[in-house]
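This is what each chain is made of:
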Amino acid sequence: MDLRYRWTDGALRILVPGEWLRSSAYPVVLDPTTTYTLRNDGPGYKKGENMGWSVAVGDFNGDEYADILTGAPQNNLGGSAHGYAYIYFGPFSADRTTPDVSINGTTASAQFGFSVAAGKFNSDIYWDALIARKSLSPVTADIDIYYGSSSFDATADVKIQPPSSPQNFGWAVAAGNVDNANFDDVVIGEESRDNDGGLPSQDGVAYVYKSPFSSTVSTANYTLFPSSNVSGHFGRAIAVGK
């Protein structure tokens, strides 16, 4: 639906035209029956890229319409599973065949776009894009934050570096203000980290990075461990709530 919205603290408010309400009975039910398909037939397309592997929603260009961020971690165009990420700007009124923003992951085998999230990591009005590469030693690569703007560009503003000998660092990411201070923070899962010297690549951890961020972030503020190291792949899925 071509509706505007407002994000406020703890709520998403959908702005509904008055003429809809005048002819409606209480309670008002919004039934979005129109659906659209997003494809990538643009210059960054590569067959088998797995577009849609990860998805997030945010207003990256500040026009009060929701935009869609999605990863294509198996894109091999000009490399080996370096991956791409795409942003489609709302509003949506028909199928889309070409993204508005295409970001090349560039690092071979790092699968850029394996996980994505949207957050507000600085003081402006725009939502920002968090896009992960998956680091599995000996492949190591940064996880990037792209600050939103009215003219969104494909240059990373923040680079979060993986720990030494990473074991699927970046498998999952999430964003949210976990300390109720400054801006949104970042949580990154490393689901195959061995914590106790037992079976390799089984236990997992999650790292918390607190905002505000410098252009390069090399150390997490906190490391979260599972209650017991029983090969549970802790950090394989992450969400932040309030």
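Take Ser149: it is sitting in the loop between strand S10 (143-146) and strand S11 (158-160). Exposure remark for Ser149: the relative accessible area of 18% places this residue in the buried category. Sequence spacing of Ser149 and Val101 is 48 residues, and the spatial spacing of their C-alpha atoms is 12 Å. Beyond its immediate stretch of four places on either side in the chain, Ser149 contacts Phe60, Asn61 and Tyr126. Looking at Ser149, its side chain comes within polar contact range of the main-chain nitrogen of Phe152, at 3.3 Å.

Ile160, Val186 and Tyr209 are the most contacted members of the largest nonpolar core, which has 18 residues in total. Counting residues per element, the ones that place at least two in this core are strand S8 (128-132), S10, S11, strand S12 (167-176), strand S13 (185-190) and strand S14 (205-209). When sequence neighbours within four positions are dropped, the list of residues in contact with Tyr209 reads Ile160, Gln161, Phe169, Asp185, Val186, Ile188, Val217, Thr219, Ala220 and Asn221. By size, the runner-up hydrophobic cluster in this structure holds 16 residues, among which are Ala56, Leu69, Ala118 and Ala129.

Reading guide: rules and limits
- Residues numbered from 1 in each chain as written.
- Predicted model: local features only at pLDDT ≥ 70, side-chain atom pairs only at ≥ 80, totals over all residues.
- Heavy atoms only, no water.
- Helix = DSSP H or I, 4+ residues; strand = E, 2+ residues; numbered from the N terminus.
- Buried < 20%, exposed > 50% of the residue type's maximum accessible area, 1.4 Å probe, protein only.
- Contact = heavy atoms within 4.5 Å.
- Polar contact = N/O pair within 3.5 Å; in protein donor to acceptor, adjacent residues only side chain to side chain.
- Core = buried A, V, L, I, M, F, W, Y, C linked by side-chain atoms within 4.5 Å.

The analysis is restricted to geometry; functional conclusions fall outside its scope.
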